[in-house]
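Examination of the molecular architecture
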Amino acid sequence: MEIKKIAFMTGGGDCAGINAFIAAAARQGITKYGAEFVGIRKAFEGACSDRIEDHLVPLTLETVNGLEFKPSTILESSRFNPFSSENTSKGIPNKLIGNLKKIGVDAVLATGGNDTIKSGMGLSNLNFPVIAAPKSIDNDVSGTDTMLGYKTAIAFGATAVRSTAESAKTHRRISIVEIMGREAGWLTMEIGIAAGADLILIPEKQISLSKLCNQIAEIYQKQKYVNIVVAEGFRIKADDPVLLKAKAESPAVKALVEEDLGIDSHGNPKLGGIGQILRRIIKVQLGLKKLEDVRATDLGFTLRGLAPVADDVVLGTRFGINAVDLLFQGVSGKMVGLQGSKIVTVPFSEALVQKQINWNDNDLVSVGVITD
């Protein structure tokens, strides 16, 4: 199949480096192959809409000039899943193919995390050419050492955590900073290391609250403040005695723990609030007089809409150039990745394996991660 026109889609959570990918890919495709490029706003949601024409953004050498330095994505984003069982029963995958052909698109370049790559795999399985670039501040896609947005999020996150630590030291408080990370604690761990956190809590390590609170009490007594970072996906056992005690003594803990936040379109439980839960548990368990003695900060979306650091501009550029070359080499169903200093190609099925922290416990403990 001859490729003349390529569409960009940027799905999932936004982050730095996406625009660098778009800019580099468009330049490479136009100057080397004479290709035409168009962006589709709101990713698969826009591509599956009744009027795909309303979601198109023409991309030329002029329009991508300087784009690599802009934050987030100029194409907006969406978590819409065209291949969910509900949407499949409605014929949405066929509508997706029909819409792409309607606007003359021959191939797709996508940036995204696990969910967007999964949708890309569904499109590729329908024999439509797709190449993806990994984008996730959680750094949880397999087959690549790092991905778009991760380095920028660490740089800003470390600065933010250092700020809360200084304030905690000044006021002799316990500081908890909640950081994104559903199943993988890479972002939390590396921000914690870079910010000199006393304790780091990650999804890969479920521990007893008694052990956690004892360590907090020990550090608090020694230095009069504690600097804690916690991933949003950090789990507490429902029958943990310290949790049960806190639920009995604090209606807020009971309400927060039992709140159902629902699930997203890809079936993932929605997260958030672990910092506020731990804040109240620590207050109860340590017998502190005031809730203000424990402060909780949620970095949340502050790590997404950032201007890219140099590493993300370079990575986006390399991913973009290689992704276009792969399409014109007849490759589909693959993700570009970085292993060491080399750009590699990874089958979608391998990329979708959840990448979690694999350090041994001795190394984790040495940098402040609490383990069993």
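The text that follows walks through the structure, step by step, so that each part is easy to find. (Residues numbered from 1 in each chain as written. Predicted model: local features only at pLDDT ≥ 70, side-chain atom pairs only at ≥ 80, totals over all residues. Heavy atoms only, no water.)

1. Some remarks on the overall build of the protein chain
We count it as follows: The helix and strand labels rest on DSSP assignments: H or I over at least four residues marks a helix, E over at least two residues marks a strand, and numbering proceeds from the N terminus. Partly exposed describes any residue whose relative accessible area lies between the buried limit of under 20% and the exposed limit of over 50%, with all areas from a 1.4 Å probe on protein chains only and scaled to the type maximum. Note on contacts: a residue pair is in contact if any heavy atoms of the two residues lie within 4.5 Å. Accessible surface area values rest on a Shrake-Rupley calculation with a 1.4 Å probe, where residue burial reflects the displayed protein chains alone. Positive charges come from Lys and Arg alone, negative charges from Asp and Glu alone, with His and the N- and C-terminal ends not counted. To locate a charge, take atom NZ for lysine, CZ for arginine, CG for aspartate or CD for glutamate.
The helix and strand tally for the protein chain stands at 14 helices and 11 strands. Taking the principal axes of the C-alpha coordinates as reference, the protein chain spans close to 70 × 40 × 35 Å. Split into buried and exposed, the 372 residues of the protein chain put 54% on the buried side. Counted over contacts in the protein chain with a minimum sequence separation of 6, partners at least 24 positions apart contribute 74%. When the accessible surface of the protein chain is split by element, carbon and sulfur atoms take 49% of a total near 15,900 Å². Considering the protein chain, the positive charge centre built from 42 side chains and the negative charge centre built from 41 side chains are found 3 Å apart.

2. Quick word on the sheet that holds strand 4 (residues 107–112)
Threshold: A pair of strands counts as paired when DSSP detects no fewer than two bridges linking them. Axes, fitted as lines to C-alpha atoms, cover a helix only where it is in contact. Angles between the N-to-C directions of the axes lie from 0 to 180 degrees.
Here seven strands make up an open sheet; going across it, the order is 3-2-1-4-5-10-11 and the pairing mixed. Each edge of the open sheet is held by one strand with a lone partner, namely strand 3 (56–59) and strand 11 (342–347). The mean inter-strand angle of the sheet, taken between neighbouring strand axes irrespective of direction, is 25°. Of the strand pairs in this sheet, strand 4 and strand 5 (residues 130–134) are connected by five bridges, and their pairing is parallel. Among the inter-strand pairings, Ala110 is bridged to a residue of strand 5, identified as Ala132.

3. What to know about helix 6 (residues 150–171)
Stated precisely, the cut-off is as follows: The length a helix should cover is 1.5 Å for every residue beyond the first.
A rise of 1.5 Å per residue sets the reference length of helix 6, with its 22 residues, at 32 Å; its end C-alpha atoms lie 31 Å apart and thus fit the reference within 8%. Considered for burial, the residues of helix 6 that qualify are Tyr150, Thr152, Ala153, Ile154, Gly157, Ala158, Ala160, Val161, Thr164, Ala165 and Ala168. A positive backbone phi angle near 55° is found at Arg172, which sits one or two residues after helix 6.

4. Quick notes on the sheet that holds strand 6 (residues 174–179)
Taken together, four strands build an open sheet; the order of strands is 7-8-6-9 and the sheet is parallel. Where the open sheet ends on each side, the last strands, each with one partner, are strand 7 (199–201) and strand 9 (294–298). Going across the sheet, the axis of each strand differs from the next one's by a mean of 15°, ignoring polarity. As paired strands, strand 6 and strand 9 are joined by five bridges and run parallel to one another. The residue of strand 9 that forms the bridge with Ser175 is Arg295. Packing of helix 6 onto the sheet brings it into contact with strand 6, strand 8 (226–231) and strand 9, and relative to strand 6 it is tilted by some 165°.

5. Focus on helix 7 (residues 186–195)
Among the 10 residues of helix 7, seven are classified as buried, and the element is accordingly described as predominantly covered. Along helix 7, the residues that are buried comprise Trp186, Leu187, Thr188, Met189, Ile191, Gly192 and Ala195. For helix 7, the secondary structure elements touched by its buried residues are helix 6, strand 6, strand 7, strand 8 and helix 14 (361–366). Gly196 sits one or two residues past helix 7 and shows a positive phi near 70°.

6. Side note on the pattern of salt bridges
Put simply, the rule is: Each reported salt bridge corresponds to a side-chain nitrogen of Lys or Arg within 4 Å of a carboxyl oxygen of Asp or Glu.
Throughout the structure, instances matching the rule amount to 11 salt bridges. The salt bridge involving Asp50 is made with Lys95; its shortest N-O contact spans 2.4 Å. Note that Asp50 is positioned in the loop between helix 2 (43–47) and strand 3 and Lys95 in helix 4 (residues 92–102), a separation of 45 residues in sequence. A salt bridge links Arg235 to Glu183, with the shortest nitrogen-to-oxygen separation between them at 3.0 Å. Residue Arg235 is found in the loop between strand 8 and helix 9 (241–249), and its partner Glu183 is found in the loop between strand 6 and helix 7; the two are separated by 52 residues along the sequence. For Glu183, a relative accessible area of 28% puts it in the partly exposed group.

7. Thoughts on the packing of aromatic side chains
We count it as follows: A pair of aromatic rings is counted whenever rings of Phe, Tyr or Trp (Trp by its six-membered ring) have centres within 6.5 Å, and the orientation is called stacked for planes under 30 degrees apart, edge-to-face for over 60 and tilted otherwise. Whether a charge lies above a ring is judged from NZ of Lys or CZ of Arg, which has to be within 6 Å of the ring centre and within 35 degrees of the ring normal.
Applying the stated criterion to the full structure yields three aromatic pairs. Geometrically, the ring pair formed by Phe8 and Phe21 is edge-to-face, given 6.1 Å between the ring centres and 85° between the ring planes. Placement of Phe8 in strand 1 (residues 5–10) and of Phe21 in helix 1 (residues 18–33) is noted, with a sequence separation of 13 residues between them. Each member of the pair, Phe8 together with Phe21, is buried. One aromatic cluster is present, formed by Phe8, Phe21 and Phe37 through successive ring pairs. One Lys or Arg, Lys355, reaches over the ring of Trp186 and ends 5.7 Å from the middle of that ring.

8. Looking at the nonpolar core
Quick note on the threshold: Buried Ala, Val, Leu, Ile, Met, Phe, Trp, Tyr and Cys residues form a nonpolar core when they are joined through side-chain atoms within 4.5 Å.
The biggest cluster of nonpolar side chains holds 54 residues, and the ones touching the most others in it are Phe8, Phe21, Phe37, Leu109 and Leu187. Setting aside its immediate chain neighbours within four residues, Phe21 contacts Phe8, Leu109, Thr111, Ala133, Leu148, Gly316, Phe319, Gly320 and Ala323. Core analysis: the next-biggest nonpolar cluster, separate from the first, contains 29 residues, Ile103, Val105, Val108 and Val130 among them.

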